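A look at the structure
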Amino acid sequence: MSFLKVHASSDFSFHNLPYGIFSTPDHPKRRIGVAIGDQILDLSVIMSLFRGPVMSKHQDVFQQATLNDFMALGFEAWREARRTLQMLLSANESTLRDDVSLRSRAFVHQSAATMHLPADIGDYTDFYSSRDHATNVGTMFRGKENALMPNWLRLPVGYHGRASSVVVSGTPIRRPSGQMRPDQTNPPVFGPSKQLDIELEMAFFVGGGNQLGEPIPIEKAHEHIFGMVLMNDWSARDIQAWEYVPLGPFLGKNFGTTISPWVIPMEALLPFAEPNPIQDPEPLPYLQHPDAYTLNINLFVSLKGQDMSEAATICKSNFKYMYWTMKQQLTHHTVNGCNVRPGDLMASGTISGTDPESFGSMLELSWRGSKNINLGGGETRTFLRDGDEVTITGFCQGDGYRVGFGPCMGTILPAL
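Presented here is a report on the structure given in the accompanying data block. Since this is a predicted model, take the numbers as computed values, not measurements.

The rules behind these values
Residues numbered from 1 in each chain as written. Predicted model: local features only at pLDDT ≥ 70, side-chain atom pairs only at ≥ 80, totals over all residues. Heavy atoms only, no water. Buried < 20%, exposed > 50% of the residue type's maximum accessible area, 1.4 Å probe, protein only. Helix = DSSP H or I, 4+ residues; strand = E, 2+ residues; numbered from the N terminus. Pairing = 2+ DSSP bridges. Expected span 1.5 Å × (residues − 1). Axes fitted to C-alpha atoms, helices over the stretch in contact; angles between N-to-C directions. Contact = heavy atoms within 4.5 Å.

Attention now moves to the pairing of strand 27 (residues 408-413). A regular strand carries its side chains on alternate faces of the sheet. Across the two faces of strand 27 the burial differs, with Cys408, Gly410 and Ile412 buried and Met409, Thr411 and Leu413 not buried at all. By the bridge criterion, 2 bridges tie strand 9 (residues 173-174) to strand 27 in an arrangement that is parallel. Directly across from Ile173, in strand 27, lies its bridge partner Ile412. For strand 25 (residues 389-397) and strand 27, the ladder comprises 4 bridges, and the chain directions are antiparallel. The partner of Ile392 across the bridge, within strand 27, is Cys408.

Given a rise of 1.5 Å per residue, 15 residues ought to cover 21 Å, and the 21 Å separating the end C-alpha atoms of helix 3 (residues 75-89) matches this to within 8%. Looking only at helix 3, the buried set comprises Ala77, Trp78, Glu80, Ala81, Arg82, Thr84, Leu85, Leu88 and Leu89.

The next subject is the sheet that holds strand 2 (residues 27-36). The antiparallel open sheet is built from 5 strands, whose spatial order is 4-3-2-1-5. The open sheet has two edge strands with one neighbour each: strand 4 (107-109) and strand 5 (114-116). Direction aside, the axes of adjacent strands within the sheet are offset by 45° on average. Relative to strand 3 (residues 39-42), strand 2 runs antiparallel, the two being bridged by 4 bridges. The partner of Val34 across the bridge, within strand 3, is Leu41. Strand contacts of helix 3: strand 1 (19-24), strand 2, strand 3 and strand 4, with the helix running at about 60° to strand 1, the strand carrying the most contacts.

Listed below in structure tokens is the structure:
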């Protein structure tokens, strides 16, 4: 355990130690920190203490304004850095514990910090890997018999998203305008989206990349997955419905995607791995892996309208409901020789379970707007209103501790 007191309900236990980018009013330069309890450990202050065989040659990565250079060092560097952090923060290690001057410079209270995007995101891919979500949406639009497309059970379906509009938690989201065709007997109209929605997702950052033309085999995929964040992939369903045939989402998706600021290392999450779902039909050999890579992460979505005194929970889900694993997603992404780079972001797609309260979008919760979502106090929604604040939270529950993500929050601004 750590010499720092951490409450059992804190997202940022000694077992977590996530990485993020922060700044403070008295030190506006962006820098790398590690969260523990309500504190941030400033790695730029203690970089000389990383003296292992790999990190001793690359201490300068902790002076950078993004995590990209650290991510690029690869799997062994991440493991070594984590061991160093665990040692420095442990209760029986005196280096930080007993050096009052160093501690005063190295620790920042989270309430005094501004969080930023953790990486320079070069590319962003969004998968569609929840069977329950895909079935629900397919049933709405094509009927129960044709809910899943023929390829869905054979490969992790995905599309290329827009990296420039990925924003950090707390950034407001402007209601998008675009073309819609609410009346199929009339031509399309232009205006603000009337069906603005959330998507409960998670995402992973790519660490070490691959060369163009050289796939990442599934046996090595874990060495390229740096860590995970929460994600809300905001969606304009009416814009999406009109535009998505034949090439998929465009303006209905690319106006904003929110992620949580702290990147949770895979080493902190793998103790919560469970057996992977049975996949029938059996995937092709390049997508098969026997090791458990399905993570038990409790997920929650709350919504607070402008006139509401407190937020209402509208969804309780879990990342373990995913059909395709992150290893399968990354392997499939590169099997054709596509090169991925440090800081690339790969999203899960909307996470839904079988129970209606686990549905990860308002499209499902309101069943395409046909029923109200009850928020209490007489408040209801089918889709988002201006001023609505949406917060996603998530954590793995250990024995007396949590490995959590912190909030992923955004508020809807009116259309221009």
